[in-house]
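Close look at the chain arrangement
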Amino acid sequence: MRMLAVSLALACVLVAACGGGGGREIEIVATDSGCTPTTLTASTREKLTFVVKNEARGDRELEGEDGTKLEEVLIPSGRTRRINYTTPNEEGTQKLKCYIPGGPETIIELRVTGS
Amino acid sequence: MLFSFLILLREGFEVALVLALVLAYLRQTGNRAHFKEVWAGAIAAALVCVGAGAGLELTATSLSGSSQEAFEGITMLGAVAVLTWMVFWMRRQARTIGRDLRRNVDLALTSGSLLALVSLAFMAVLREGLETTLLLFAGASAERGDSTALFLLGAAGGLAVAAVMGYAVYRGSRVLPLRQFFAVSGVIVLVLAAGLLSNGVAELQESGLISNLGGRPWDTDAIVSQTTTLGKFLHALLGYDSAPTWGQIVLYWSYLGLGLVAFLGGASALLSRFGRFRAEREPGLAKS
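Reference entry: report on the structure contained in this document. Since the model is a prediction, treat every value here as computed from it, not as a measurement.

**Details of the overall build of chain A**
In terms of helices and strands, chain A carries one helix and nine strands. Its helices and strands in sequence order give chain A the pattern α-β-β-β-β-β-β-β-β-β, from N to C terminus. Split into buried and exposed, the 115 residues of chain A put 24% on the buried side. Expressed as a percentage of contacts within chain A between residues at least 6 apart in sequence, the contacts between residues at least 24 apart total 63%.

Here's what the structure looks like:
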């Protein structure tokens, strides 16, 4: 029982320490026919949390494209992943790539405008 | 950072051990004048390794998407093979390394060819150096969350400690726990290699080269997410995956299980081997 309490406490500390502060949630859904939505809007320096739901039969990945600083994250089939991202200081269009590993991709445009 | 530190400590010490044994033997036999050939060979090999590292990095960055993942995945699996071979080879080699090196130095000296001494040092450093290059490259692929500066800092730190240990061997220090060093670092290297194996096959699956590694029996994303700093660190170092496939799980545990049994099963034999290695090495060094 004490072991359980200790490990729960440890898990909470780890989640608190590394979970980071999430931003405005944006839902992205991956299905067998691609990812939606394909356009998003946000302000400069805005904290976002992409909540990516994978409803497709296979794995999907989300990654920054054309210089967008977002590391590749794998979303296993049937699972959801929360990915934090902060928009850059400059206005412009950021690109995200939502794709089947080794296969076709959907480009999601994130339009960043001044706040 | 921890990955690059451990790799450079272990590999760097193997290089340092060879150089220290050769230099100490030259000193004892009054051939200090030939130190420069040894250093020339060592430095030339180090430059070749830096070049090879740059080549690997350029190849990887010139590729994109799935072919980059495939290249990284294959490199990681190559690194697993090298690590495994290194751990077991070093265990066997430790017994005769001193005697073999002295014989080769004698041959080089009697042939009177300076080039022989240069190439002796060159080959010793090249072998370990190319291993290091491959491992660092595989580690850098897995440790993408880490900054380049931290990664290099870890490598420099490991090399510095290895150099100090090599100097201690050169001075004929007997307090250095060589046996424990190779036993403990061998276990650590096997654990790192198991993680690389799991990461490597996952990369190959992502690249599409392997189509199916089975289902994913659990998901610990809610406890330690791979998008967090801790998750990335555990992923790079130990091959942590919040939702691993059956293929990864089976490969990881069978590699680690078999590797540790084979390695530790020989631990008692290792003890006596190192006993002999030191006995054979120390009468010569006792003069200094």
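**Re the sheet that holds strand E6 (residues 73–75) of chain A**
Residues and elements named next belong to chain A. Within the open sheet, the five strands sit side by side as E3-E9-E8-E5-E6. Their pairing is mixed. A strand with exactly one partner marks an edge of an open sheet, and here the two such strands are strand E3 (39–43) and E6. Ignoring which end each strand starts from, the neighbouring axes of this sheet average 25 degrees apart. Of the pairings in the sheet, the one linking strand E8 (residues 92–99) to strand E9 (residues 105–113) comprises eight bridges and is antiparallel in character. Paired with Lys-97 across the two strands is Ile-107, which belongs to E9.

**Structural notes on the nonpolar core**
If you look at soluble globular proteins, the nonpolar side chains tend to sit buried side by side. Within the largest apolar cluster, 66 residues are counted, with the highest numbers of intra-cluster contacts made by Leu-19, Leu-21, Val-22, Leu-83, Ala-121 and Ala-193 of chain B. Going through the elements one at a time, helix H1 (2–28), helix H2 (35–62), helix H3 (65–93), helix H4 (97–111), helix H5 (114–142), helix H6 (148–170), helix H7 (178–207) and helix H9 (246–265) of chain B are the ones with two or more residues in this core. In terms of residue count, the dominant contributor to this core is H1 of chain B (18 residues). Not counting the four nearest positions on each side in its chain, Ala-193 of chain B is found in contact with Val-80, Leu-83 and Thr-84 of chain B. Core analysis: the second largest hydrophobic core is formed by 18 residues, Ile-28, Cys-35, Cys-98 and Tyr-99 of chain A among them.

**Observations regarding the interface of chain A and chain B**
With 17 residues of chain A at the interface, the matching set in chain B holds 17 residues. Counting only elements with at least two residues in the side of chain A that touches chain B, the list comes to helix H1 (2–19), E6 and strand E7 (80–86) of chain A. When residues in the side of chain A that touches chain B are grouped by element, the largest group, four residues, is from H1 of chain A. The residue makeup of the side of chain A that touches chain B, split by class, is eight nonpolar, five polar and four charged.

**A word on the sheet that holds strand E2 (residues 34–36) of chain A**
All names here are of chain A. Strand order in the open sheet formed by four strands is E2-E1-E4-E7, and the pairing between neighbours is mixed. Looking at the sheet topology across the chains shown, the edges are occupied by E2 and E7. In this sheet, neighbouring strand axes are inclined to one another by 25 degrees on average, regardless of whether the strands run parallel or antiparallel. Two strands pair when backbone bridges link them, and strand E4 (residues 47–54) and E7 are joined in this way by seven bridges, in the antiparallel orientation. Among the inter-strand pairings, Val-52 is bridged to a residue of E7, identified as Arg-81.

**Structural notes on the environment of Thr-75 of chain B**
With respect to the helices, strands and loops of the structure, Thr-75 of chain B is situated in helix H3. Separated by 103 residues in the primary sequence, Thr-75 of chain B and Leu-178 of chain B place their C-alpha atoms 30 Å from one another.

**Structural notes on unusual backbone geometry**
All names here are of chain A. With an omega dihedral of -10 degrees, the bond running from Thr-36 to Pro-37 counts as a cis peptide bond. One non-glycine residue with positive phi stands out, namely Arg-45, at about 55 degrees. Its place among the elements puts Arg-45 in the loop between E3 and E4. We classify Arg-45 as partly exposed; it has 13 C-beta atoms within 10 Å. Although it is not a glycine, Asp-66 sits at a positive phi angle of roughly 50 degrees. Mapped onto the secondary structure, Asp-66 falls in the loop between strand E5 (60–65) and E6.

Scoring rules and cut-offs
- Residues numbered from 1 in each chain as written.
- Chains lettered and ligands numbered in written order.
- Predicted model: local features only at pLDDT ≥ 70, side-chain atom pairs only at ≥ 80, totals over all residues.
- Helix = DSSP H or I, 4+ residues; strand = E, 2+ residues; numbered from the N terminus.
- Buried ≥ 20, exposed ≤ 12 C-beta atoms within 10 Å, placed from the backbone.
- Contact = placed C-beta atoms within 7 Å.
- Pairing = 2+ DSSP bridges.
- Axes fitted to C-alpha atoms, helices over the stretch in contact; angles between N-to-C directions.
- Core = buried A, V, L, I, M, F, W, Y, C linked by C-beta atoms within 7 Å.
- Nonpolar A, V, L, I, M, F, W, Y, C, P; charged D, E, K, R; others polar.

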